[in-house]
Amino acid sequence: MATRSVSGNAAAPLVPYQSATGSSRCDEEHRSSTAESSDMCTPIASADTCASGRGESGSAKSVSEDENPDDVIEDCTSTDGPSAKRFLLLGNYSGFPMNDETYARMWRNILKINPGAKEEVARIRDSTDLPEIPIPRAPMSLPSSIPARRKIRIIQNYMNALQYNHTGMKMFDVRKEKTYAGLMETAKEMITEALPIKCLEAVILGAYLTNALKTVHRFAISFKTRLDGLGFRHIVLGLCHDGCYGSIGMSRRLTLQDKPFRFSTLRDLIDEFISSYSDCLHDVVQIRVSNLLPHSDLCRDQVKWKVGMHKTPTQPVWS
């Protein structure tokens, strides 16, 4: 058994924050599609539990001797100025197999995130008989007879099977300044390694797996939120198909990742995320939308991650 080791497209009717009016055909289509079976990959929800009511957080740690110039400093500041708290999201820049230094950094970071689990961490790290974990089958060539929305459900189930990465270290190089083609090469690496992923990795993997769905328009939606004076960031892959909006992605909270195609406007979809964040006690302070993603994995353009911006709770302003 295989095991896991450590150019443009036609524009969609994307009108940011357009008010919804009238009856929702998307709701009717969603109700009829919920009975569809998603049997190619089984969702694994047990790993998506968020501690202390926090949403997309916890993957950062205080800056220490493990800091690397390429690591991402998250915008998690409780105050401004010299006393502001800075958090670090570690990255694996050694490739696979992971080198000894990166492997040690990962385990040190796990202990800092989970200081009360030293014995459990030591048991897992020193164990020589851990159970084999099967590699999920990537939905690379789905039959054309399968409707687009069911394909998207299968893709989400595949990402759920990979599970969310709770180590506090990004396993893959997903720097946003890469070209779209470069990001697609990283997505292929994710499929090969079949390791748990974080939210940005899920957006890139989801984009790669939906490239063949020409009738589905894709764009990134990123969120900046506040809880207890700290800032948190999250991102999902927004989708538009046949006039209805939804999303796919990964999060510690199941309510902050995939959304079904039951929203008539982009505003309705974003309002649903804001409501989900409210349930997690987060205040959404900024939302950004990217340009439409190309459907070719050979496109050498960079993704424009900040085409539209909305700040809350002030009057909506898009730029």
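The structure this text deals with has already been given above.
Residues numbered from 1 in each chain as written. Predicted model: local features only at pLDDT ≥ 70, side-chain atom pairs only at ≥ 80, totals over all residues. Heavy atoms only, no water.

The subject of this paragraph is the overall build of the protein. When helices and strands are tallied, the protein shows 7 helices and 10 strands. A total of 319 residues make up the protein; the buried ones form 49% of that total. When the accessible surface of the protein is summed, it comes to about 15,400 Å², and 52% of that surface belongs to carbon and sulfur atoms. (Helix = DSSP H or I, 4+ residues; strand = E, 2+ residues; numbered from the N terminus. Buried < 20%, exposed > 50% of the residue type's maximum accessible area, 1.4 Å probe, protein only. Areas by Shrake-Rupley, 256 points an atom, 1.4 Å probe, with all protein chains shown as cover.)

Taking 1.5 Å per residue as the helical rise, helix H2 (residues 100–113) with its 14 residues ought to reach 20 Å, and the 20 Å between its terminal C-alpha atoms agrees with that figure. Of the positions making up H2, those classed as buried are Thr102, Arg105, Met106, Trp107, Asn109 and Ile110. (Expected span 1.5 Å × (residues − 1).)

What follows covers the environment of Tyr245. Counting through the fold element by element, Tyr245 comes out in strand S7 (residues 244–248). Sequence separation between Tyr245 and Arg262 is 17 residues, and the spatial gap between their C-alpha atoms is 6.5 Å.

Looking now at the packing of aromatic side chains. Overall, the coordinates contain 5 aromatic pairs when judged by the stated rule. Ring geometry for Phe223 against Phe273: centres 5.1 Å apart, planes inclined by 40°, an arrangement best described as tilted. A residue pair is termed long-range when its members are at least 10 positions apart, and Phe223 in strand S5 (residues 216–227) and Phe273 in helix H7 (residues 266–279) qualify at 50 residues. Look at Phe223 and Tyr277: their rings are 5.6 Å apart centre to centre, the planes differ by 55°, and that puts the pair in the tilted class. Here Phe223, found in strand S5, pairs with Tyr277, found in helix H7; they are 54 residues apart in sequence, far enough to count as distant. For Tyr277, a relative accessible area of 1% gives the class buried. (Phe/Tyr/Trp six-rings, centres within 6.5 Å; stacked < 30°, edge-to-face > 60°.)

A word on the pairing of strand S9 (residues 283–289). Burial of S9 is extensive: 5 of the 7 residues sit out of reach of the surface. Pairing of S5 with S9 involves 6 bridges; the strand directions are antiparallel. Its bridge partner being in S9, Ile221 is matched across the sheet by Val289. By the bridge criterion, 4 bridges tie S9 to strand S10 (residues 308–311) in an arrangement that is antiparallel. Across the sheet, residue Arg288 finds its bridge partner in S10, namely Met309. (Pairing = 2+ DSSP bridges.)

Opposite charge on two side chains permits pairing when their charged atoms draw close. By the definition in use, this model includes 7 salt bridges. Where Arg262 meets Glu272, a salt bridge forms, and the shortest distance between an N and an O atom there is 3.9 Å. Here Arg262, found in strand S8 (residues 259–263), pairs with Glu272, found in helix H7; they are 10 residues apart in sequence, far enough to count as distant. With relative accessibility at 23%, the residue Glu272 sits in the partly exposed group. Taking the shortest distance from any N to any O, the salt bridge between Arg267 and Asp271 comes out at 3.6 Å. (Salt bridge = Lys/Arg side-chain N within 4 Å of Asp/Glu carboxyl O.)

Another point: the nonpolar core. One broad trend across soluble globular proteins is that nonpolar side chains are buried collectively. Membership of the largest hydrophobic core comes to 53 residues, with the highest contact counts inside it found for Tyr158, Met159, Phe172, Ile197, Ile204 and Leu205. In terms of residue count, helix H6 (residues 199–209) provides more of this core than any other element does, 9 residues in total. Leaving out residues up to four positions away in the same chain, Ile204 has contacts with Val174, Leu183, Met184, Ala187 and Met190. (Core = buried A, V, L, I, M, F, W, Y, C linked by side-chain atoms within 4.5 Å. Contact = heavy atoms within 4.5 Å.)

With that settled, consider the environment of Cys240. Its location among the elements puts Cys240 in strand S6 (residues 230–241). In the structure, Cys240 is positioned 24 residues away from Val216 in sequence and 5.7 Å away in space, judged by C-alpha atoms.

It is worth spelling out the packing of H2 against helix H3 (residues 118–126) at this point. With their axes 10 Å apart at the nearest point, H2 and H3 run at an angle of 155° to one another. Looking at the two axes, H2 sits roughly antiparallel to H3. As H2 packs across H3, the resulting crossing turns out to be right-handed. Between H2, through Tyr103, Ala104, Trp107, Ile110 and Leu111, and H3, the contact on the second element is made entirely by Lys118, Val121, Ile124 and Arg125. Its residues assigned to classes, the contact of H2 with H3 comprises 7 nonpolar, no polar and 2 charged. (Axes fitted to C-alpha atoms, helices over the stretch in contact; angles between N-to-C directions. Parallel < 35°, antiparallel > 145°, perpendicular 65-115°, else oblique. Left-handed = near helix turned anticlockwise from the far one by under 90°. Nonpolar A, V, L, I, M, F, W, Y, C, P; charged D, E, K, R; others polar.)

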